[in-house]
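# Observations on chain architecture
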Amino acid sequence: MTGLALARPPSWWLRWGATARGALLPVTIAIAARFLTDHQGGPALLYALLLGMVLNFLHEQPHIQQACLHCGSRGLRIGVALLGARITWAQCAELGWHTLALLTLCVVSTILVSVVIGRWFRTPLADSVVAGAAVAICGASAALAVADALTPRRVKPALVLLVVVTVTCLSTSAMVLYPAMLHAMHLEGVQAGVFLGASVHDVAQVVGAGYHMGPEEGDVASVTKMMRVALLVPAVLLIGWFFRNPAGHLSAVSAPRPWFLAGFAALVVLNSGGWLSPAVKTGLITASQFFILVAMASMGLRTSLKQLFEAGWKLPALLLLDTLFIGAQALIGVHLMW
């Protein structure tokens, strides 16, 4: 008996082994979502969310609950940090400081307007900030990153999921409608690309809308969007600082870890210096997309359809108004600056 007791694995090994087994579920969902997108089209993020919600009943198992917490938090940070592989300083410099100024204005004002409208709707402040950040910066990725910075006690998973689903649908609609609107207004080239990069929420939809109009519009839209994505890190830090606890300290999960910032910045520097080979860069971008997909699947697993329907109409209406606001501001900006 003594020999058997000594041979038993330590408790931490058993705990992490159970978590690893539980992580197979969101990972499998992420793979299935990517498969559906590759073969049927449509947004992989939305597929991951919906598949996770269908399998919500499995979330009752403790090891899956623990795995979803890790995948939704740590996996997300890894995914967003790896976005730095898509950005170079040269790309940003090509469009000039006036583009960065426009994007900064759009991001800050959209979040502030979201808070004002949310107050009118009697929406909790944290929910309004998550909605505003999702529209202002990079859609679902920003929603998850900001919600993680605010801690689950402030933002319920069901509300974050509603933001992600709604902003993905709005972004897909913009991808279809905005090119037709720009053609009708005789806007093309740099103006059209900057508008798309400054107003459409998710990266994939920006790329789709831009290259639908033409190669120049697609290139400009992609670079503009990457500049906007780069604003996620300072935005999350400032929001985490604003929502610090009464003692003036950030909680253990209320802001990105130092490795998150260091990883993002390091990849931007490496990519800017040309030290990332095309194969490595492609691998990092693919890994980023996959980690974010796993985080989405984890969020879907943690939320039931009943919780989603109980969230009401106010948050989708808030996201729609935020979308209209940033679109109008971007359109005015490109007319004034180009």
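Residues numbered from 1 in each chain as written. Predicted model: local features only at pLDDT ≥ 70, side-chain atom pairs only at ≥ 80, totals over all residues. Heavy atoms only, no water.

## Structural notes on the overall build of the protein
Scanning the protein from terminus to terminus reveals 17 helices and zero strands. Burial status across the protein gives 52% buried among its 338 residues. For the protein, the share of sequence-separated contacts (at least 6 apart) that also reach a separation of at least 24 residues comes to 82%. Carbon together with sulfur atoms contributes 70% to the accessible area of the protein, which is approximately 15,900 Å² in total. (Helix = DSSP H or I, 4+ residues; strand = E, 2+ residues; numbered from the N terminus. Buried < 20%, exposed > 50% of the residue type's maximum accessible area, 1.4 Å probe, protein only. Contact = heavy atoms within 4.5 Å. Areas by Shrake-Rupley, 256 points an atom, 1.4 Å probe, with all protein chains shown as cover.)

## Remarks on helix H11 (residues 203-213)
Residues that lie three or four places apart on an α-helix share one face, since the helix turns once every 3.6 residues. Of the positions making up H11, those classed as buried are Val203, Gln205, Val206, Ala209, Gly210 and Met213. The buried residues of H11 occupy one face: seen down the axis, they fall within an arc of 165°. When the buried face of H11 is taken as reference, the exposed residues oriented beyond 90 degrees from it are Ala204 and His212. As for H11, its buried residues are in contact with helix H9 (157-184), helix H10 (189-199) and helix H12 (215-230). Residue Gly214 follows H11 closely and has a positive phi angle near 160°. (Arc of directions from axis to C-beta.)

## Notes on the packing of aromatic side chains
With the rule as written, the count across this model stands at four aromatic pairs. Taken together, a centroid distance of 5.6 Å and an interplanar angle of 65° make the contact between Phe121 and Trp313 edge-to-face. Of this pair, Phe121 sits in the loop between helix H6 (97-120) and helix H7 (125-138) while Trp313 sits in the loop between helix H16 (305-310) and helix H17 (314-337), placing them 192 residues apart in sequence. Taken together, a centroid distance of 5.2 Å and an interplanar angle of 55° make the contact between Tyr178 and Phe195 tilted. Here the residue Tyr178 occupies a position in helix H9, and Phe195 occupies one in helix H10, the gap between them amounting to 17 residues. (Phe/Tyr/Trp six-rings, centres within 6.5 Å; stacked < 30°, edge-to-face > 60°.)

## A few points about the nonpolar core
The biggest cluster of nonpolar side chains holds 101 residues, and the ones touching the most others in it are Ile137, Leu196 and Met296. In terms of residue count, H9 provides more of this core than any other element does, twelve residues in total. Apart from residues lying up to four places away in sequence, Ile137 is in contact with Val107, Ala142, His201, Lys225, Arg228, Val229, Leu231, Leu232 and Ala235. Counting residues in hydrophobic clusters, the runner-up holds six residues, among them Leu82, Ala85, Leu267 and Ile285. (Core = buried A, V, L, I, M, F, W, Y, C linked by side-chain atoms within 4.5 Å.)

## Details of the environment of Tyr178
Of the residues examined, Tyr178 reaches a relative accessible area of 12% and is grouped as buried. Counting along the chain gives 149 residues from Tyr178 to Gly327, while the straight-line C-alpha distance between them is 9.5 Å. Sequence-distant contacts of Tyr178, that is, excluding residues within four places in its chain, are made with Phe195, Leu196, Ser199, Val200, Thr323 and Gly327.

## Remarks on the confidence of the model for the protein
Considering every residue of the protein, the mean pLDDT works out to 83; 88% of them sit at 70 or more. Ranking the elements of the protein by mean pLDDT puts helix H1 (residues 2-7) last, at 48, and H6 first, at 95. Across residues 1-6, where pLDDT falls below 50, the model places zero contacts with residues more than four positions away in sequence or in other chains. Low pLDDT, under 50, characterises residues 247-258; the predicted model gives this stretch 20 contacts beyond four residues in sequence or across chains. (pLDDT = per-residue confidence, 0-100.)

## Structural notes on a nonpolar patch on the surface
A cluster of nonpolar side chains, contributed by Trp89, Val269, Leu270 and Trp275, occupies part of the molecular surface with about 480 Å² of accessible area. Along the chain, Val269 turns up in helix H14 (residues 258-272). (Patch = residues over 30% accessible without salt bridge, like charges linked within 9 Å, V, L, I, M, F, W, Y side chains within 5 Å. Salt bridge = Lys/Arg side-chain N within 4 Å of Asp/Glu carboxyl O.)

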